[in-house]
Amino acid sequence: MGRVIVVGAGVVGLTCAVRLLEAGHRVDVVARDLPLETTSAVAAALVHPYRAGPADLVERWTAASEAAFAELVAGSGDHGVRLLSGTDLERGEIVAPVVDMSRYLPWLVARVEHLGGTLTRLNLPALPDHGDLVVNCSGLGARLLGADRTVLPVAGQVVVVEQVGLERFWLDARPGGPSPTYVVPRESEIVVGGTDDDGEWSRTPSPEVAADILRRASALVPDLATARVLRHKVGLRPGRPTVRLERVGRVVHCYGHGGAGVTLSWGCADDVVALA
Ligand SMILES: Cc1cc2nc3c(=O)[nH]c(=O)nc-3n(C[C@H](O)[C@H](O)[C@H](O)COP(=O)(O)OP(=O)(O)OC[C@H]3O[C@@H](n4cnc5c(N)ncnc54)[C@H](O)[C@@H]3O)c2cc1C
């Protein structure tokens, strides 16, 4: 098997790197932002398809990821993935994997390195023109690296608050409603969202928006109204009408996962390996 350069160290790039290494490739990951600095680190992260297409592939990729996350939950390791029950105001009571990205991204990096891969900080002006194969997982960066103007930011703000004893998630992303509202507990804190602002490039949290997020979330979970706020974050989702997953010459493109990069990660990585 030849050498593969994976561009991007968000959840998509790292998951592709793991699957490519498992398939026997030599893999080097390069990225401008290291994992905990990426959009992926801001994700809530509930395994649930949101703002991604096309519908048929999203359904298949989500199912593959759910199976992969269930396997992680059944095993051991400090991956930060749990299966939680929750209320989706559109679908009713559901059980879904919930991922603590502050633990999961370092776990993915450790997995890459354990399998013999490397991770290097590198800001690329263009995709590398050497190496057997390049996998382009640059998220929003694909606007430049994929020369793809259909990639646009969908900004999302969250408020992270202290744990108040919550062990289930809440989600209100009903079509036609205002911004999505979600409350996703981790072991030691709770991620409360959110917003989805198309075309917005700013990553500066707005105090007014934070107050509105907490107001909406407190209507679902009243204890949040008095919870101590730990931090505010904004992430820029890599929006695109549909995920681009295709091979063009020696480049496999895998970007444009919108609000579902965690949800689609393992399913897309399997397809990337098939194209490699
Ligand atoms: C508030 C919020 C909540 C979310 N909640 C969820 C959720 O509950 N469930 C879910 O599935 N998804 C969720 N998402 C969406 C999810 O975070 C994204 O879909 C996912 O992070 C995209 O991953 P990625 O690896 O493609 O991109 P990113 O995480 O953005 O990583 C891109 C990588 O490419 C690198 N790169 C870009 N340009 C260059 C360059 N020129 N040179 C070198 N490297 C480059 C970057 O440095 C980075 O390492 C949420 C997002 C936000 C903002």
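Parameters at a glance
- Residues numbered from 1 in each chain as written.
- Predicted model: local features only at pLDDT ≥ 70, side-chain atom pairs only at ≥ 80, totals over all residues.
- Near = placed C-beta within 6 Å.
- Helix = DSSP H or I, 4+ residues; strand = E, 2+ residues; numbered from the N terminus.
- Nonpolar A, V, L, I, M, F, W, Y, C, P; charged D, E, K, R; others polar.
- Buried ≥ 20, exposed ≤ 12 C-beta atoms within 10 Å, placed from the backbone.
- Pairing = 2+ DSSP bridges.
- Expected span 1.5 Å × (residues − 1).
- Contact = placed C-beta atoms within 7 Å.
- Bend = angle between axes of the 7 residues up to and from the residue.

A. Representation of the site of the ligand. As a structural note, the neighbourhood of the ligand is formed by 43 residues, with Gly10, Gly139, Gly141, Gly235 and Gly261 the closest of them. Going through the elements one at a time, α1 (11–22), α4 (142–145), β7 (152–162), β12 (229–239) and α6 (261–275) are the ones with two or more residues in the shell around the ligand. For the shell around the ligand, the class distribution of residues is 21 nonpolar, 19 polar and three charged.

B. Local environment of the pairing of strand β9 (residues 181–185). Taking burial as the measure, the five residues of β9 include five buried ones, the bulk of the element. Alternating residues of β9 divide into Thr181, Val183 and Pro185 and Tyr182 and Val184, and every residue in both groups is buried. Where β9 and strand β10 (residues 189–193) come together, four bridges link them in antiparallel fashion. Following the sheet pairing, Val183 is matched in β10 by Val192. Linkage of β9 to β10, two consecutive antiparallel strands, is achieved through a turn of three residues.

C. How the structure looks around helix α3 (residues 101–114). Helix length check: α3 (14 residues) gives 19 Å between terminal C-alpha atoms against 20 Å at 1.5 Å per residue, within 8%. Residues Met101, Tyr104, Leu105, Trp107, Leu108, Val109 and Val112 constitute the buried set of α3. Residues of α3 that are buried sit in contact with α1, β2 (26–31), β3 (81–88), β4 (92–99) and β5 (118–121). With its phi angle positive at about 100°, Gly116 sits one or two positions after the end of α3.

D. Up close: the environment of Gly261. Along the chain, Gly261 falls in helix α6. A residue is classified by how many C-beta atoms lie within 10 Å of it, and Gly261, with 27 of them, is buried. Excluding anything up to four places from it in sequence, Gly261 contacts Gly10, Val11, Val12, Ser40 and Ala43.

E. Summary view of unusual backbone geometry. With omega at -5°, the peptide bond leading from Ala44 into Ala45 counts as cis. You can see Ala45 is positioned in the loop between β2 and α2 (55–74).

F. Layout of α6. Largest kink in α6: about 35°, centred on Gly267. For α6, a buried count of twelve out of 15 residues is recorded, marking the element as mostly surrounded by other parts of the structure. Listed as buried for α6 are Gly261, Val262, Thr263, Leu264, Ser265, Trp266, Gly267, Cys268, Ala269, Asp271, Val272 and Val273. On its buried face, α6 sits against α1, α2, β4, β6 (133–136), β13 (244–248) and β14 (251–255).

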